[in-house]
Amino acid sequence: MEMKKSFRATVCVAALMVSSASVSFAADEVNIYSYRQPFLIEPLLEAFTKETGIRTNLIFANKGLETRIKAEGEYSPADLLLSTDVGRLQAAAQQGIAQPVVSDTLKANIPAHFRDGDNQWFGLTSRARVVYASKERVEQDSITYEELSDPKWQGRICTRSGQHDYTIGLIASMIVHHGAEETKTWLEGVKANLARRPTGNDRAQVKAVYAGECDIALGNTYYMGKMQTNDKEPEQKQWAESVRILFPNSDGRGTHVNISGMLLTKHAPNRESAVKLMEFLSSEEAQQIYAEGNFEYPVKEGVQPSELVMSWGSFTPDSVELSKIADARKEASELVDIVDFDAGAN
Ligand SMILES: [Fe+2]
């Protein structure tokens, strides 16, 4: 059985991009399948190995990891899946590729609204979906998601596709707070205010504000850090310089946040060591490294984000359970189609 497992593991590794130079699946190792990039995860794994002596193998891919884990079944070498977006984590759990982890450490370190009620997935970092507002053309210093449907923003809003995970998460959070009917009306209003058809990624929307095509854009917080520190494409620093971040609803029900997170696979061959790694990732030390690496927010209370991230201002996050938002995603996606959001304003 062990031989077979190792063989399958080797096949699997060959088919994927592997960041670790030599990959073997001996005892006291943890195998990680990750949608998060190696540059972000490797410093964490190094710290873990230094502290525990447990070695790790990291396999990175842009897509298909859930399918792979499912296909590998009980022979899967994967212990942990690292992913982004609560929708993806919840969907993975619903596919039956996760197993619950009951851990006092995880419970103590990760706030309840950032983990699954059945202990199938756990958040590790959070990011807020905010408004990037033109410094030149937007005077107000606070905003709400609700007011994005106000005609005062007509022809002034840029966003990526309504069907993208990030937008779906935000619309799902509106459904959780206001119900589907009211959210539909709101979405029609936002659509009517779009400066152009939804196109491009989050950074492309900020670029459009910089270029004067729109006055406000929706985007995730960490892109501000990626633009501000971008030496490869220094023009992105100018895009960032043209806007400031407004945290919608921070004075009220809180700003919509999503997570990156982890789950233990159903057939994890190194369960005990993998749980140790999960607990380590929720620790203060790891939370700091992880959140800083991608300009995100630690989920563990009391751990500060980086200085650059703090310079964007503090805010009150929406504390609604993320699993409720995940549950509303299907309805959110349907609304996007019903109002034909991606066609832009008529
Ligand atoms: Fe992103």
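Residues numbered from 1 in each chain as written. Predicted model: local features only at pLDDT ≥ 70, side-chain atom pairs only at ≥ 80, totals over all residues. Heavy atoms only, no water.

## A short note on the side chain of Asn109
Here is step 1: Along the polypeptide, Asn109 turns up in helix α5 (residues 104-109).
Here is step 2: Within the structure, the side chain of Asn109 is placed 2.9 Å from the side chain of Ser282, a separation counted as a polar contact.
Here is step 3: If we skip the residues at most four places from it in the chain, Asn109 touches Glu279, Ser282, Ser283, Val299, Lys300 and Glu301. (Helix = DSSP H or I, 4+ residues; strand = E, 2+ residues; numbered from the N terminus. Polar contact = N/O pair within 3.5 Å; in protein donor to acceptor, adjacent residues only side chain to side chain. Contact = heavy atoms within 4.5 Å.)

## Details of the packing of aromatic side chains
Here is step 1: In total, this model carries four aromatic pairs according to the counting rule given.
Here is step 2: Consider the rings of Tyr222 and Tyr223, whose centres lie 4.4 Å apart with planes at 45°: the pair is tilted.
Here is step 3: Residue classification places Tyr222 among the buried positions, given a relative accessible area of 3%.
Here is step 4: With relative accessibility at 13%, the residue Tyr223 sits in the buried group.
Here is step 5: Through a chain of ring-to-ring contacts, three or more aromatic side chains come together here, namely Phe247, Tyr297 and Phe315.
Here is step 6: Sitting over the face of the ring of Tyr35, Arg88 holds its NZ or CZ atom 4.3 Å from the ring centroid. (Phe/Tyr/Trp six-rings, centres within 6.5 Å; stacked < 30°, edge-to-face > 60°. Buried < 20%, exposed > 50% of the residue type's maximum accessible area, 1.4 Å probe, protein only. Lys NZ or Arg CZ within 6 Å of the ring centre and 35° of its normal.)

## Here we look at helix α2 (residues 38-52)
Here is step 1: Here α2 contains 15 residues, and its C-alpha end-to-end distance of 20 Å stays within 8% of the 21 Å for a straight helix at 1.5 Å per residue.
Here is step 2: Residues Pro38, Leu40, Ile41, Leu44, Leu45, Ala47 and Phe48 constitute the buried set of α2.
Here is step 3: The inward-facing, buried residues of α2 abut β2 (29-34), β3 (55-60), β4 (80-84), α11 (271-281) and α12 (284-293).
Here is step 4: Just past α2, the residue Gly53 takes up positive phi, approximately 80°. (Expected span 1.5 Å × (residues − 1).)

## A look at the packing of helix α6 (residues 165-178) against helix α15 (residues 329-338)
For any two helices packed against each other, the geometry is given by the interaxial angle and the distance between the axes.
Here is step 1: The contact between α6 and α15 brings their axes to 8 Å, and the two run at 105°. Between α6 and α15, the angle is such that the two are roughly perpendicular. Counting all contacts with α6, which are made through Asp165, Ile168, Gly169, Ile171, Ala172 and Ile175, the residues of α15 involved are Arg329, Glu331, Ala332, Ser333, Leu335 and Val336. (Axes fitted to C-alpha atoms, helices over the stretch in contact; angles between N-to-C directions. Parallel < 35°, antiparallel > 145°, perpendicular 65-115°, else oblique.)

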